[in-house]
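Each chain, letter by letter, is given below.
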Amino acid sequence: MTVVATLVPLQAVAFAVVALGAPVVVLTRDPLRQALVNSVYGVSLVCLFVVLEAPDPALSMLVVSGIGYPLVILTAIARVRGERRRAKEAADD
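Keep in mind the model is a prediction, meaning the values are calculated, not measured.

Undergrad: What should I look at first to understand the confidence of the model for the protein in this one?
TA: If pLDDT is low for a region, its predicted coordinates should not be looked at in detail. In the predicted model, the protein carries a mean pLDDT of 88, and the fraction of residues at 70 or more is 94%. Element-level pLDDT for the protein is lowest in helix H1 (residues 3-6), with a mean of 66, against a maximum mean of 94 in helix H2 (residues 9-27).

Undergrad: Would you mind showing me how to read the pattern of salt bridges here?
TA: Close approach of charged atoms lets side chains of opposite charge pair. Going through the model one piece at a time under the given rule, you end up with 1 salt bridge. Close ionic contact of Glu83 with Arg79 constitutes a salt bridge, the shortest N to O distance being 3.5 Å. Of this pair, Glu83 and Arg79 both sit in helix H4 (residues 55-92), separated by 4 residues, roughly a single helical turn. A residue is classified by how much of its surface remains accessible, and Glu83, at 39% relative accessible area, is partly exposed.

Undergrad: Whenever I open this one, the side chain of Ser65 confuses me. Can you help?
TA: Secondary-structure assignment places Ser65 in helix H4. Within polar-contact distance, the side chain of Ser65 engages the backbone oxygen of Met61 at 2.6 Å. When near neighbours in sequence (up to four residues on either side) are disregarded, Ser65 contacts Ser39, Gly42, Val43 and Pro70.

Undergrad: Please explain H4 as it appears in this structure.
TA: Each turn of an α-helix holds 3.6 residues, which means side chains three or four residues apart point in the same direction. Between its terminal C-alpha atoms H4 stretches 54 Å, which fits the 56 Å expected from 38 residues at 1.5 Å a residue. Where H4 bends most, at Val64, the angle is about 35°. Buried residues of H4: Ala58, Ser65, Pro70, Ile77 and Gly82, and no others. Buried positions along H4 lie against helix H3 (31-51).

Undergrad: Any chance you could explain the nonpolar core here in plain terms?
TA: Generally speaking, a soluble globular protein has its nonpolar side chains buried in company with each other. Counting residues in each nonpolar core, the largest one holds 6 residues, listed as Ala14, Val18, Val25, Tyr41, Leu45 and Leu48. The set of elements that each furnish at least two residues to this core consists of H2 and H3. Once residues within four sequence positions are removed from consideration, Leu45 is found in contact with Val18 and Met61.

Undergrad: What is the right way to read the side chain of Gln11 from this model?
TA: Secondary-structure assignment places Gln11 in helix H2. With sequence-adjacent residues up to four places away left out, Gln11 is seen in contact with Val51 and Leu52.

Definitions and limits used
Residues numbered from 1 in each chain as written. Predicted model: local features only at pLDDT ≥ 70, side-chain atom pairs only at ≥ 80, totals over all residues. Heavy atoms only, no water. pLDDT = per-residue confidence, 0-100. Helix = DSSP H or I, 4+ residues; strand = E, 2+ residues; numbered from the N terminus. Salt bridge = Lys/Arg side-chain N within 4 Å of Asp/Glu carboxyl O. Buried < 20%, exposed > 50% of the residue type's maximum accessible area, 1.4 Å probe, protein only. Polar contact = N/O pair within 3.5 Å; in protein donor to acceptor, adjacent residues only side chain to side chain. Contact = heavy atoms within 4.5 Å. Expected span 1.5 Å × (residues − 1). Bend = angle between axes of the 7 residues up to and from the residue. Core = buried A, V, L, I, M, F, W, Y, C linked by side-chain atoms within 4.5 Å.

What follows is the structure, given as structure tokens:
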């Protein structure tokens with residue numbers, strides 16, 4: 001008996017969405033867009049965990065991928081852009 005034959009159709013769809021979403025995250029080059037794409041991918045992982053009846057990892061993944069990681073990335077991007085802006089203004093003076 002194959003593994004695919006034992007999956008519930010909803011589980012198969014959830015696995016497919018996660019499998020197709022991973023390369024999209026990896027191939028996104030702009031850090032701002034990558035933070036957004038990674039958040040969407042995290043929500044797809046949350047859906048997979050819920051479908052697999054694993055609520056604890058789903059809740060953890062929701063907090064980390066939906067709030068924590070994007071907040072850290074956006075803060076780092078803002079800080080780097082602010083430093084570049086200050087350096088440019090100092091060079092112009």
